[in-house]
Amino acid sequence: MDAQCSAKVNARKRRKEAPGPNGATEEDGVPSKVQRCAVGLRQPAPFSDEIEVDFSKPYVRVTMEEASRGTPCERPVRVYADGIFDLFHSGHARALMQAKNLFPNTYLIVGVCSDELTHNFKGFTVMNENERYDAVQHCRYVDEVVRNAPWTLTPEFLAEHRIDFVAHDDIPYSSAGSDDVYKHIKEAGMFAPTQRTEGISTSDIITRIVRDYDVYARRNLQRGYTAKELNVSFINEKKYHLQERVDKVKKKVKDVEEKSKEFVQKVEEKSIDLIQKWEEKSREFIGSFLEMFGPEGALKHMLKEGKGRMLQAISPKQSPSSSPTHERSPSPSFRWPFSGKTSPPCSPANLSRHKAAAYDIRYSYLEQSKFGSHALLTQVS
């Protein structure tokens, strides 16, 4: 048992003093990392009236210096923290965590006031006393729970539970006709201050619920609670149901609007893409058209070439007059090209003229043979 206690104390010291991954400690403002561990509490904290106490040993308080230095495992520093703990939240848990970590070896006792005291001195609570006891019991930092705790701590109560220090925030707590119910504890040197958690408190939570009462009433009606259980009148019940239907219609309209916006956005994107593609294709088409039919297009060059060839075919070059004439034996008859008919016999006076015409026809045929027989027939005609 002693070995387990010393191990716990050493573990707390290591977590507080060990440097972090960058050599920094918790005192430097950088929280040090600890090894992941699956060990945890398996039972809720016991009530003080269920614990057997050995009163044979004398009760001697430890000083703040002794508690800060560390006490033996068998003699932990007994720290007491009290409160209402209505709607137990993270602010309560953080306060108890601070009280638990005030000293290296701490035994935390938590007092919870009863409904009667709370209603008399502070006001009505949402949770009853048994629910509040149970909530504090299941906080991991609590070692013992005192039911029906006193509103003002008396020396008899401190001696009965052998309390060394009382933990609470340092803000004066005025109640029960006193400016500060912890004033005498502070004067006795038994007060250990903790820090409040800003932004979260029982009063803040209740304020949120009251502010949005209609929302939460409608919420619980939807979940099956009756108007009687919620203390809602018949008219308000119908009003909430009507508001619920209106909200559903508004939600559907909103969904349709969002879908229509998405559809319009997609159509716009597609139309932009189509316009861009059309512009690209139109530019390509216009360029191709100008290349073919423009002022300096391919068609113009083709027509020029064709026209030149046609003119060559129609007006062939004449043979030079100085070119020698080859004497050929007179033929009795002249056969026209591509014709089976024989020319009539020529007289001697016209023979030279026929020879020259035949020479021109042969020359034109050789020159323009690549244009086909039609050019030749045109020349002959």
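Here the structure is a predicted model, which means the values were calculated and not measured.

## Here we look at the packing of aromatic side chains
No. 1: Taken as a whole and assessed by the stated rule, the structure comprises seven aromatic pairs.
No. 2: With a centroid separation of 5.2 Å and an interplanar angle of 35°, the aromatic rings of Phe-103 and Phe-165 are classed as tilted. Of this pair, Phe-103 sits in the loop between helix H3 (90–100) and strand S2 (106–112) while Phe-165 sits in strand S4 (residues 165–169), and the two are 62 residues apart along the sequence. For the pair Phe-103 and Phe-165, one class covers both residues: buried.
No. 3: Their ring planes at 25° and their centres at 5.2 Å tell us that Phe-121 and Trp-151 sit as a pair that is stacked. Of this pair, Phe-121 sits in helix H4 (residues 115–121) while Trp-151 sits in the loop between strand S3 (144–147) and helix H6 (155–160), and the two are 30 residues apart along the sequence.
No. 4: The cationic tip of Arg-147 hangs over the ring face of Phe-47; the distance from NZ or CZ to the ring centre is 3.8 Å.
No. 5: Directly above the ring of Phe-191 sits Lys-186, whose terminal nitrogen or CZ lies 5.0 Å from the centroid.

## Section: the sheet that holds strand S5 (residues 191–194)
No. 1: In spatial order, the strands read S3-S2-S1-S4-S5; together these five strands make up an open sheet with parallel pairing. The sheet is open, and its two edges are formed by S3 and S5, each paired on a single side. Ignoring which end each strand starts from, the neighbouring axes of this sheet average 30° apart.
No. 2: Pairing analysis gives four bridges linking S2 to S3, with the strands arranged parallel.

## Observations concerning the nonpolar core
No. 1: Counting residues in hydrophobic clusters, the biggest one holds 23 residues, and the most contacted among them are Leu-96, Leu-108, Val-110 and Val-142.
No. 2: When residues of this core are traced back to their parent elements, those giving at least two are strand S1 (77–83), H3, S2, helix H5 (129–137) and S4.
No. 3: In this structure, Leu-108 is in contact with Val-79, Ala-81, Leu-96, Ala-99, Lys-100, Tyr-141, Val-142, Asp-143 and Glu-144, ignoring residues within four places of it in sequence.
No. 4: Leu-153, Leu-158, Val-166 and Ile-185 belong to the second-largest nonpolar core, a separate cluster that totals 14 residues.

## Quick notes on the pairing of S1
Looking along a regular strand, one sees side chains alternate from face to face of the sheet.
No. 1: The element S1 is largely enclosed, with a buried count of six among its seven residues.
No. 2: Crossover handedness for the path S1 to H3 to S2: right-handed.
No. 3: In this sheet, S4 lies alongside S1 in parallel orientation, the contact comprising two bridges. Paired with Tyr-80 across the two strands is Val-166, which belongs to S4.

## Remarks on a nonpolar patch on the surface
No. 1: On the surface, Phe-285, Ile-286, Phe-289, Leu-290, Met-292, Phe-293 and Met-302 cluster together into a nonpolar patch covering about 730 Å² of accessible area.
No. 2: You can see Met-302 is positioned in helix H11 (residues 298–314).

## Side note on the UniProt feature "coiled-coil region" (unreviewed entry) in the protein chain
No. 1: Those places that UniProt annotates as "coiled-coil region" (unreviewed entry) correspond, in this numbering, to residues 239–266.
No. 2: Annotated as residues 239–266, this span is 100% helix and 0% strand, and its ends, taken at the C-alpha atoms, are 40 Å apart.

## Quick word on the layout of surface pockets
No. 1: Here the second largest pocket defines a volume of roughly 880 Å³.
No. 2: Along its surface, the second largest pocket is lined by 36 residues, and Ile-84, His-92, Lys-122, His-168 and Arg-196 are the ones closest to its centre.
No. 3: Of all the secondary-structure elements, those providing two or more residues to the lining of the second largest pocket are S1, H3, S4 and helix H8 (202–211).
No. 4: Here the lining of the second largest pocket is built from residues that sort into 17 nonpolar, 14 polar and five charged.

## Topic: a negative patch on the surface
No. 1: A cluster of acidic residues, Asp-255, Glu-257, Glu-258 and Glu-262, forms a negative patch on the protein surface.
No. 2: Residue placement: Glu-258 occurs in helix H10 (residues 234–293).
No. 3: The class of Glu-258 is partly exposed, set by a relative accessible area of 39%.

## What to know about the pairing of S2
No. 1: When you tally the buried positions in S2, you get six out of seven residues, the bulk of the element.
No. 2: Alignment of S1 against S2, held across seven bridges, turns out to be parallel. The residue of S2 that forms the bridge with Arg-78 is Tyr-107.

The rules behind each value
Residues numbered from 1 in each chain as written. Predicted model: local features only at pLDDT ≥ 70, side-chain atom pairs only at ≥ 80, totals over all residues. Heavy atoms only, no water. Phe/Tyr/Trp six-rings, centres within 6.5 Å; stacked < 30°, edge-to-face > 60°. Helix = DSSP H or I, 4+ residues; strand = E, 2+ residues; numbered from the N terminus. Buried < 20%, exposed > 50% of the residue type's maximum accessible area, 1.4 Å probe, protein only. Lys NZ or Arg CZ within 6 Å of the ring centre and 35° of its normal. Pairing = 2+ DSSP bridges. Axes fitted to C-alpha atoms, helices over the stretch in contact; angles between N-to-C directions. Core = buried A, V, L, I, M, F, W, Y, C linked by side-chain atoms within 4.5 Å. Contact = heavy atoms within 4.5 Å. Right-handed = clockwise from strand over helix to strand, strands pointing away. Patch = residues over 30% accessible without salt bridge, like charges linked within 9 Å, V, L, I, M, F, W, Y side chains within 5 Å. Areas by Shrake-Rupley, 256 points an atom, 1.4 Å probe, with all protein chains shown as cover. Salt bridge = Lys/Arg side-chain N within 4 Å of Asp/Glu carboxyl O. UniProt positions renumbered as here; feature names shortened; annotations may be inferred. 1 Å grid on protein atoms, 1.4 Å probe; cavity = no way out; pocket = protein on both sides within 12 Å on 5 of 7 lines; lining within 4 Å. Points joined across faces, edges and corners; volume = space filled by probe spheres on them. Nonpolar A, V, L, I, M, F, W, Y, C, P; charged D, E, K, R; others polar. Lys, Arg positive; Asp, Glu negative; His and termini not counted. Charge placed at Lys NZ, Arg CZ, Asp CG, Glu CD.

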